[in-house]
Amino acid sequence: QVQLVESGGGLVQPGGSLRLSCAASGSIFSIDAMDWYRQAPGKQREFVATIARDGSIAYAVSVEGRFTISRDNAKNTMYLQMNSLKPEDTAVYYCSFRGVTTWLKRGDYWGQGTQVTVSS
């Protein structure tokens, strides 16, 4: 019954900013790791950023210094603040919550994706 809902995508000019959100529904006890991936047209899905329950963070080299990942455990929500956006950031961005523990099970879940387009 866990479902992830993404929001915040849109069209921005190069150098602009967007903030993506990913929120999980359901009665969730804990989430081990929250991740962002993206997939550009004709490309493989690639890792963007991850944040663990203890706050440990890792970024892809392509976004480090420009993107900031964060999480609000009380809201079961993850964010991606994207600054200094480049055309090559254009992609569908997917969130992933791993090790989601509910009352009956532990599992991994994906969001539906949100489109980010960086263009003049």
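As the structure is a computational prediction, the values presented were derived from the model and not from experiment. (Residues numbered from 1 in each chain as written. Predicted model: local features only at pLDDT ≥ 70, side-chain atom pairs only at ≥ 80, totals over all residues. Heavy atoms only, no water.)

### Some remarks on the sheet that holds strand β1 (residues 4-7)
Part 1 of the argument: Strand order across the open sheet formed by 4 strands is β1-β3-β8-β7, with antiparallel pairing between neighbours. Edge positions in the sheet fall to β1 and β7 (67-72), since each has one partner strand and no second. Direction aside, the axes of adjacent strands within the sheet are offset by 15° on average.
Part 2 of the argument: Bridge analysis of β1 against strand β3 (residues 18-24) gives 4 bridges, and the strand direction is antiparallel. Its bridge partner lying in β3, S7 is registered against S21. (Pairing = 2+ DSSP bridges. Helix = DSSP H or I, 4+ residues; strand = E, 2+ residues; numbered from the N terminus. Axes fitted to C-alpha atoms, helices over the stretch in contact; angles between N-to-C directions.)

### A word on the state of the cysteines
By definition, a disulfide links two cysteine residues through a covalent bond between their sulfur atoms.
Part 1 of the argument: Applying the stated criterion to the full structure yields 1 disulfide.
Part 2 of the argument: What pairs with C22 in a disulfide is C95, and their sulfur atoms sit 2.0 Å apart. Its S-S torsion of approximately 60° makes the covalent link between C22 and C95 right-handed. Taken together, the residues C22 in strand β3 and C95 in strand β9 (residues 91-102) connect sequence positions 73 residues apart. (Disulfide = S-S within 2.5 Å.)

### Examining the pairing of strand β8 (residues 77-82)
Part 1 of the argument: Judged by how many residues are buried, β8 sits mostly within the fold: 5 of 6 residues are covered.
Part 2 of the argument: Sheet topology note: the β3/β8 ladder contains 6 bridges and is antiparallel. Residue S21 lies in a different strand from β8, and its bridge partner there is Y79.
Part 3 of the argument: From the end of β7 to the start of β8, which pair antiparallel, there are 4 residues, and N76 there has a positive phi angle of about 50°. (Buried < 20%, exposed > 50% of the residue type's maximum accessible area, 1.4 Å probe, protein only.)

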